[in-house]
Amino acid sequence: MKLEGKFLTALAMISLLCLFISCSSGGGGGDGSVGSGGSGTLSLSLTDATTLEYRAVYVTIERVDVHLGADENSSNNWETVARPARTYNLLELVNGVRKQLGIAELTAGHYTQMRLIIGTNPDNSLNILSTPHPHPNYIILAGTNEIHELFVPSGVQTGIKLVHGFKINPNQTTELILDFDAARSVVKAGNNPIHPYILKPTIKVLNAEDNSLVSGAVVDDDGVFLTGVLISAQIFQPDLFDRKDQVVTWTSTITDEQGHYKLFLKPGTYNIVAFATGYVPEAACSLALGSGDVVEGLDFELRLASTGAISGDVIIAGASQDQYATISFRQFVDCDNDGTAETEIEANSVNVTNGGFYSITLPVGFYDVVASSYEKDTVSLEDVEVFEDSQLEYPIKM
């Protein structure tokens, strides 16, 4: 009887130990995020929130990984779901155009984050100049053939973490869109002659099934369709304390050769803004979108305007040369045509590193210049008047 009791006790201890090991090891289930109830499919595609400053923005994407749970510093807890190893011109991924990055089968469950690995070698395709890619990541300046390599900081090389939870359901496909914001991701390093442009990727993750679609066209006051007009979806929250957060551009696109545009947006309320250099900006305000809504025929007519320029040095006290400031040029607009300018929009913006120099051309009018940088108080210059052919100097000191 004593031997039998000892055997049963040992058996119970072994069972408990096996249960502990199975709950604590492998499969990325350490945080309970990934289950074992079958598998589903993850489909990843790439699109872009664009900019008017560049003719092309080329970025090489080596691969995309998803986090399986537990220690994110362990390579065993990441799984590669896409390995495109391709060089993309982000400015071609507008108006609903998307490039497939990859399709992978994953264990069903909840995943908390992804990481995107920027490549160090370009693919063998040709760029818009019909020449091989000179660098893995680079820009071509607007209106020129001038090429500048994008310097990639070491932190970016190790992977861009995208903290966006998503669920994989058994026998179903989850489609995610990586919205690579070219306008926010390219930073001018005016004080660095070796690396005058830096790549600091800003990427949103969108669930395709929740997206709404907004489309329309832009013409001038003669009814001629305008190509290359920047169309942005902006969120206006005047009650927020920090000035920089009161106007946020969620995403953007440009009109095509026929003057048409498309925007994919998550549910929310937006101001849709049309901007082109030499024209007065126009806005459609407080557009409320639900999941899967389709809004067509949201058209704009832009009027010609005289222009002036604002420029200046950017000094961020106590910061490294790599730290940058985002400078936003904003105007109040009368959405209800009742003589009251009640909604603020961003006409344009620029990113400049510490010690750099900015210069931007804007239609005549009054602007609030709002500059922000990491862990620095926002700087706001109110009612800056741009008049015809002006060359205004407004240094930014933070």
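Everything discussed here concerns the structure shown above.
It should be emphasised that the depicted structure is a prediction, and the values quoted were computed from it without experimental measurement. (Residues numbered from 1 in each chain as written. Predicted model: local features only at pLDDT ≥ 70, side-chain atom pairs only at ≥ 80, totals over all residues. Heavy atoms only, no water.)

(A) Main features of the sheet that holds strand E20 (residues 282-289). The 4 strands lie next to each other as E17-E16-E19-E20, forming an open sheet whose pairing is antiparallel. Pairing within the sheet leaves two strands with one partner each, and these edge strands are strand E17 (247-254) and E20. Strand after strand, the sheet turns through a mean of 25° between neighbouring axes, direction not considered. Bridge analysis of strand E16 (residues 230-236) against strand E19 (residues 268-275) gives 5 bridges, and the strand direction is antiparallel. Paired with Leu230 across the bridge in E19 is Phe275. (Pairing = 2+ DSSP bridges. Helix = DSSP H or I, 4+ residues; strand = E, 2+ residues; numbered from the N terminus. Axes fitted to C-alpha atoms, helices over the stretch in contact; angles between N-to-C directions.)

(B) Looking closely at the state of the cysteines. Using the criterion set out here, one finds 1 disulfide in the structure. The disulfide partner of Cys285 is Cys335, and the gap between their sulfur atoms is 1.6 Å. Remark: Cys335 occurs in the loop between strand E24 (324-333) and strand E25 (343-353) and Cys285 occurs in strand E20; sequence separation between them is 50 residues. We classify Cys285 as partly exposed; its relative accessible area is 23%. (Disulfide = S-S within 2.5 Å. Buried < 20%, exposed > 50% of the residue type's maximum accessible area, 1.4 Å probe, protein only.)

(C) Main features of empty space enclosed by the protein. Inspection of every chain in the model, using the stated rule, returns 2 cavities of 30 Å³ or more. In this model, the largest cavity occupies a volume close to 130 Å³. Lining the largest cavity are 16 residues, with Thr47, Asp48, Thr251, Leu263 and Phe264 sitting closest to its centre. Secondary-structure elements contributing two or more residues to the lining of the largest cavity are strand E1 (34-49), strand E11 (173-181), E17 and strand E18 (260-265). Residues that form the lining of the largest cavity fall into these classes: 6 nonpolar, 6 polar and 4 charged. Roughly 40 Å³ of volume is contained in the second largest cavity. At the level of elements, helix H3 (182-185), strand E12 (186-188) and E25 are the ones that each hand at least two residues to the lining of the second largest cavity. Here the lining of the second largest cavity is built from residues that sort into 5 nonpolar, 2 polar and 2 charged. (1 Å grid on protein atoms, 1.4 Å probe; cavity = no way out; pocket = protein on both sides within 12 Å on 5 of 7 lines; lining within 4 Å. Points joined across faces, edges and corners; volume = space filled by probe spheres on them. Nonpolar A, V, L, I, M, F, W, Y, C, P; charged D, E, K, R; others polar.)

(D) Representation of the layout of surface pockets within the structure. Reported here for the largest pocket is a volume of approximately 540 Å³. Lining of the largest pocket is provided by 21 residues; of these, Arg184, Lys244, Tyr324, Thr326 and Ser372 occupy positions nearest its centre. For the lining of the largest pocket, the elements supplying multiple residues, two or more each, are E17, E24, E25 and strand E27 (365-373). Taken together, the residues of the lining of the largest pocket break down into 6 nonpolar, 8 polar and 7 charged. Taken as a whole, the second largest pocket encloses approximately 390 Å³ of empty space. Forming the boundary of the second largest pocket are 26 residues, of which Thr51, Leu52, Glu53, Asn348 and Ser349 lie nearest the centre. For the lining of the second largest pocket, the elements supplying multiple residues, two or more each, are H3, E16, E17, E19, E25 and strand E26 (357-363). If one sorts the elements of the lining of the second largest pocket by residue count, E25 sits on top with 5 residues.

In short, geometric facts, not functional conclusions.
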